[in-house]
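Per-entry structural report
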Amino acid sequence: MSVRLAFVETRETNYRLPITLDETLTNSDDKRARAAIKTMTTLAADRQVFYFTAQQDEVGKWREFVPEDLLKVYSIG
């Protein structure tokens, strides 16, 4: 993930591309998941980040780092 993000950042010119992640933290332990979320919140300072998951515990981890007024959670079904 870090290599892909670094590549995107080196290729951007005038526009900050949104980052889309799908179940990226599923196979991470809690320590690594929190480190990844912390990194994503830093990157989200000037871009949108979309994270898709079916795991409610992952939503809880995001809530630890993202202010409530900035975190938008949508449930399907």
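Summarised in this report is the structure supplied together with it. Model, not experiment: these values are computed from the prediction.

Take helix α3 (residues 56-65) next. Within the sequence span of α3, burial applies to E58, V59, K61 and W62. On an axial view of α3, the arc spanned by its buried residues comes to 155 degrees, and they lie on one face.

The tally for this structure, following the rule as stated, stands at 10 salt bridges. Each of E9, E12, R16, D46 and R47 takes part in a single network of salt bridges with overlapping partners.

Moving on, we get to the pairing of strand β2 (residues 49-52). Bridge count for strand β1 (residues 19-22) against β2 is four bridges, and the pairing is parallel. From the neighbouring strand, L21 faces β2, where its bridge partner is Y51. Chirality of the crossover, the property in question, places the unit of β1, helix α2 (residues 30-43) and β2 among those that are right-handed.

Here the focus is the packing of aromatic side chains. The description of two aromatic rings rests on the distance between their centres and on the angle between their planes. In the structure shown here, the tally under the stated rule is one aromatic pair. Each ring, one from Y51 and one from W62, has its centre 5.3 Å from the other, and the planes form 40 degrees; the classification is tilted. Here Y51 is found in strand β2, whereas its partner W62 is found in helix α3, with 11 residues between them in sequence.

What counts as what
Residues numbered from 1 in each chain as written. Predicted model: local features only at pLDDT ≥ 70, side-chain atom pairs only at ≥ 80, totals over all residues. Heavy atoms only, no water. Buried < 20%, exposed > 50% of the residue type's maximum accessible area, 1.4 Å probe, protein only. Helix = DSSP H or I, 4+ residues; strand = E, 2+ residues; numbered from the N terminus. Arc of directions from axis to C-beta. Salt bridge = Lys/Arg side-chain N within 4 Å of Asp/Glu carboxyl O. Pairing = 2+ DSSP bridges. Right-handed = clockwise from strand over helix to strand, strands pointing away. Phe/Tyr/Trp six-rings, centres within 6.5 Å; stacked < 30°, edge-to-face > 60°.

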